[in-house]
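Architecture and fold: a report
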Amino acid sequence: MSKQQFTDYLNRPPFAGITTNKQHSPQQTPVQEQEPNVAPPGEAPGPEDPKKKLLDSITQLGQTNVPQLESNIYCMSIIGQVEGHIQLPPQNKTTKYEHLIPQLVAAEQNNKIEGVLVILNTVGGDVEAGLAIAEMVSSLSKPVVTLVLGGGHSIGVPIAVAGTYSFIAETATMTIHPIRLTGLVISVPQTFEYLDKMQDRVVSFIARHSKISEQQFRELMTRTGELTRDIGTNVIGADAVKYGLIDEVGGLGKALRKLNELIEKARASKEEVLQ
């Protein structure tokens, strides 16, 4: 068979249309699979889903609309038990002192913040952590108003009196009792001396930052017959004002009005210095 006859044979069916070239034309190029776009590490993720934000706000705050307000007052809350150097069980409602100290530092450095409102509802907790918070509050150069709601017990008392002015709700209570140790205690005279010195630190701080005397506070602290499982005194609202621990009985409205008054006085004193 000649070459021409062989070519004619291939051009007849069923061989017609078959090409021996294995390279695809541009129209026949197979579609290549592309990997999904993944943001490289280090780049910020895209905007979050609005539904997810709504669910997060409901989960964390119990409401769908969180009021946003630019304010010159910083509010800091101390809720539950003051957690110090030892981590408490997860079922305990706690306030970690290592979270509060940076907040106070930021409030002191921020020029837009002119006053601090401290709200307490605490059962007490770590003594040194509570004293650290109280010292930070008392050393702020800006006006500070404290408000006791529910309870300001144990080491919450020094924090409650550490502000420039203090309020307590009419139904709120403050438990005053001696310092106690939990866990392993070595029964030697040095342990008693350590507790006595720590007690002196707490009593002297409260006496310096309130109108109560050390003698009267120690009398309340060592009173018998009021607490079922301890010695001490449970002071309620107006009694805390009567003893001189707290300046005034009141709630949130009074606390904010007083703080605004203190802020105005601080502004006026600054203007006098500048003039």
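Residues numbered from 1 in each chain as written. Predicted model: local features only at pLDDT ≥ 70, side-chain atom pairs only at ≥ 80, totals over all residues. Heavy atoms only, no water.

Looking up the protein in an unreviewed UniProt entry gives the name ClpP family protease, with the organism given as Brevibacillus brevis.

With that settled, the discussion passes to the overall build of the protein. When you go through the protein residue by residue, the secondary structure sums to 9 helices and 8 strands. The buried share of the protein, reckoned over its 275 residues, is 33%. Summed over its atoms, the accessible surface of the protein is roughly 18600 Å², and 54% of this surface lies on carbon and sulfur atoms. (Helix = DSSP H or I, 4+ residues; strand = E, 2+ residues; numbered from the N terminus. Buried < 20%, exposed > 50% of the residue type's maximum accessible area, 1.4 Å probe, protein only. Areas by Shrake-Rupley, 256 points an atom, 1.4 Å probe, with all protein chains shown as cover.)

Counted by the stated rule, this structure contains 11 salt bridges. When salt bridges with common partners are traced through the structure, they connect Glu114, Glu264 and Arg267 into a single cluster. (Salt bridge = Lys/Arg side-chain N within 4 Å of Asp/Glu carboxyl O.)

This part takes up unusual backbone geometry. Residue Ser154 is not a glycine yet carries a positive backbone phi of 55°. Turning to its location among the elements, Ser154 is positioned in the loop between strand S4 (144-152) and helix H5 (156-161).

A cluster of nonpolar residues, Leu181, Val185 and Tyr194, forms a patch on the protein surface that exposes about 260 Å² of accessible area. In this fold, Leu181 is placed in the loop between strand S6 (173-176) and helix H6 (189-208). (Patch = residues over 30% accessible without salt bridge, like charges linked within 9 Å, V, L, I, M, F, W, Y side chains within 5 Å.)

Moving on, we come to the pairing of S6. Side-chain alternation along S6 places Thr173 and Thr175 on one buried face and Met174 and Ile176 on a second face that is also buried. Alignment of S6 against strand S7 (residues 233-236), held across 4 bridges, turns out to be antiparallel. In the sheet register, Thr175 faces S7, and the bridge partner there is Asn234. (Pairing = 2+ DSSP bridges.)

Glancing now at the packing of aromatic side chains. Ring pairs (aromatic) are described by centroid distance and by the angle formed between their planes. Summed over the entire model, instances satisfying the criterion amount to 1 aromatic pair. Taking the centre distance of 5.2 Å and the plane angle of 55° together, the rings of Tyr165 and Phe167 count as tilted. As far as burial versus exposure is concerned, Tyr165 and Phe167 are alike and both buried. One residue, Lys242, lies across the ring of Tyr243, its end atom 5.2 Å from the ring centre. (Phe/Tyr/Trp six-rings, centres within 6.5 Å; stacked < 30°, edge-to-face > 60°. Lys NZ or Arg CZ within 6 Å of the ring centre and 35° of its normal.)

The next point concerns the side chain of Ser166. Tracing the chain through its elements places Ser166 in strand S5 (residues 165-168). Polar contacts involving the side chain of Ser166 include one to the main-chain amide nitrogen of Asp247, which spans 3.0 Å. Residues contacting Ser166, with those up to four places away along its chain left out, are Thr146, Ala160, Leu245, Ile246, Asp247 and Glu248. (Polar contact = N/O pair within 3.5 Å; in protein donor to acceptor, adjacent residues only side chain to side chain. Contact = heavy atoms within 4.5 Å.)

When you line up the elements, Thr233 lands in strand S7. Once the C-alpha coordinates of Thr233 and Thr222 are considered, the two residues, 11 residues apart in sequence, prove to be 7.9 Å apart. Thr233 has contacts with Met174, Thr175, Ile176, Leu220, Arg223, Glu226 and Leu227, leaving out every residue within four places of it along the chain. A polar atom in the side chain of Thr233 sits 2.6 Å from the backbone oxygen of Leu220.

Before going further, it helps to examine the confidence of the model for the protein. For the protein, the mean per-residue pLDDT works out to 83, and 77% of the residues sit at or above 70. Taken element by element, the predicted model of the protein shows its lowest mean pLDDT in helix H1 (residues 3-10) (66) and its highest in S5 (97). (pLDDT = per-residue confidence, 0-100.)

Let us look at the pairing of strand S1 (residues 73-83). In the sheet, S1 pairs with strand S3 (residues 115-125) via 10 bridges, with the strands oriented parallel. Note that in S3 the partner of Ile73 across the bridge is Gly115. Two elements, S1 and strand S2 (residues 94-96), share 3 bridges in a ladder whose sense is parallel. For Glu83, the partnering residue across the bridge sits in S2 and is Lys96.

Attention now goes to the nonpolar core. If you look at the biggest cluster of nonpolar residues, it comprises 46 residues, and the most contacted ones within it are Ile78, Ile133, Ile206, Phe217, Leu245 and Ile246. Residue contacts for Phe217: discarding those within four places in its chain leaves Val157, Ile176, Val203, Ile206, Ile212 and Leu245. Counting 11 residues, the second largest nonpolar core, distinct from the first, contains Leu147, Phe167, Ala255 and Leu262. (Core = buried A, V, L, I, M, F, W, Y, C linked by side-chain atoms within 4.5 Å.)

Further remarks concern the layout of surface pockets. For the largest pocket, the calculated volume is near 830 Å³. Within the residue set of the lining of the largest pocket, elements represented by two or more residues are S1, S3, helix H4 (127-138), H5, S6 and H6. Among the elements that take part in the lining of the largest pocket, H6 stands out by supplying 4 residues, more than any other. A breakdown of the residues in the lining of the largest pocket according to their chemical character gives 16 nonpolar, 10 polar and 4 charged. (1 Å grid on protein atoms, 1.4 Å probe; cavity = no way out; pocket = protein on both sides within 12 Å on 5 of 7 lines; lining within 4 Å. Points joined across faces, edges and corners; volume = space filled by probe spheres on them. Nonpolar A, V, L, I, M, F, W, Y, C, P; charged D, E, K, R; others polar.)

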